[in-house]
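# Breakdown of the fold
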Amino acid sequence: MRVNERLDLLPVAEQQAYRLLLRMAGAGPADLAVHAGIDVADAAALLESLRDKGLAAGGPSFDALPPDVVLGEVLLREQQDLEAARRMVASLSEEYRTTARRRSADHLVEIVVGAGALRQRLREMQDSARDEILWFCRANPIAMQGPENTEETSALTRGVRYRAIYERELLEKPGELDSIVEAIKLGEQSRTLPTLPVRLAIADRALAICPLVPDAVRGLGEPSAAVIRSSELLDALIALFESYWERATPLFPYGAAEEPDRLLLSLIVAGMPDKSIATHLGVSKRTVQRRVDRLMDVAGVDSRAGLAFQAAKRGWL
């Protein structure tokens, strides 16, 4: 280390006195006072301080001594103190990160208890969504029936994309299919499957709500749900939705007069019985069968399995 760097360890006045002493090749208080432009008493005090620190020797005439040994020891002590401080900062930083991770983990999953609280969170989730809502809609909703979900209409109107998968049994509930058709007309993409593994709602791929209590024990207490924020758990739920979406059968609203009746066709492919289809369409079972026969004639097939195949081949679904 250079001398100038070591002199940074001294007060400015002592640094100046030491440099003068080096250039003068030795000096007493009077000579130093003249060259430094200070009082003799101040010069004497500076020389004595340098001597006390091992940087000068003699008296009344003083000579400069090499600074390496004395200031080197000071530097070593400071380096040791600095290293100890560094270790302390590293230890405190690791403790902070550990606590922060634990604190963040505590906030990744929030438990909501009660149908009213769960219904409110579902409404808030839709009101705050900006891009997309993904939804598993099982039969026997525990917090909100489809027709009650007025927030969806508002979200669709402002451009939020909805993709919903409905359990087949839910389509047979009074008012549910009409509500779904209205949502489809507003832009919802709807599909159906015989069963779904869980109830699930995901907003903007950043927040999910997933009820915790299975149907078999729903009568034992209030419904509860986990509100899950960005995490590997949320990523897994998104992947679960996408895997079921690929397997689900699309639902469509009524087509134009010259087009195949896509809603009827999608309900047939979804496996709904003719009686249930007739109830929801407000027609007789015989009317449903006649319309199915017409679709089979258009497709050039003589079975419903063939109709489903041709519907997929021709892009009707």
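Residue indices follow the written sequence of each chain, beginning from 1 at its first position. Predicted model: local features are reported for residues with pLDDT of at least 70 only, side-chain atom pairs are reported and counted for 80 or more only, and whole-chain, interface and lining totals are derived from all residues. Excluding hydrogens and water, the side-chain values take into account all heavy atoms of the structure.

The next thing to look at is the packing of aromatic side chains. For any pair of aromatic rings, the description consists of the separation of the ring centres together with the inter-plane angle of the planes. What counts as a ring pair is set by centres within 6.5 Å for rings of Phe, Tyr and Trp (its six-membered ring), and what kind of pair is set by the plane angle: stacked under 30 degrees, edge-to-face over 60, tilted for all other angles. This structure, assessed with the given rule, holds four aromatic pairs. Measuring from ring centre to ring centre gives 5.8 Å for Phe241 and Trp245, while their planes differ by 20 degrees; the resulting arrangement is stacked. Residue Phe241 and its partner Trp245 are located together in helix α10 (residues 232-247), separated by four residues, close to a single helical turn. Residue burial is assigned from relative accessible area. The probe radius is 1.4 Å, only protein chains are included, and a residue is buried under 20% of its type maximum, exposed over 50%, and partly exposed in between. Residue Trp245 is classed as buried on the basis of its relative accessible area of 5%. Following the ring pairs from residue to residue traces out a cluster consisting of Phe136, Phe241, Tyr244 and Trp245. Whether a charge sits over a ring comes down to the Lys NZ or Arg CZ being within 6 Å of the ring centre and within 35 degrees of the ring normal. A cation over an aromatic ring shows up here: Arg163 above the ring of Trp245, its NZ or CZ 5.1 Å from the ring centre. The positively charged end of Arg247 is found above the aromatic ring belonging to Tyr244, 4.2 Å away from the centroid. Secondary structure elements are defined from DSSP: runs of H or I of at least 4 residues count as helices, runs of E of at least 2 residues count as strands, and each element is numbered from the N terminus.

This next bit is on the pattern of salt bridges. A pair is scored as a salt bridge if a Lys or Arg side-chain nitrogen falls within 4 Å of a carboxyl oxygen belonging to Asp or Glu. Applying the stated criterion across every chain, the model contains 13 salt bridges. Across the salt bridge formed by Arg121 and Glu124, the nearest N and O atoms sit 3.6 Å from each other. In this pair, Arg121 and Glu124 are both assigned in helix α6 (residues 115-128), three residues apart and thus about one turn of the helix distant. Here Arg121 falls in the buried class, since its relative accessible area comes to 19%. When the shortest N-O distance is used, the salt bridge between Glu132 and Arg205 registers 3.3 Å. In this pair, Glu132 sits in strand β4 (residues 132-137) while Arg205 sits in the loop between β7 (200-203) and β8 (207-211), placing the two residues 73 residues apart along the sequence. A residue is classified by how much of its surface remains accessible, and Arg205, at 39% relative accessible area, is partly exposed.

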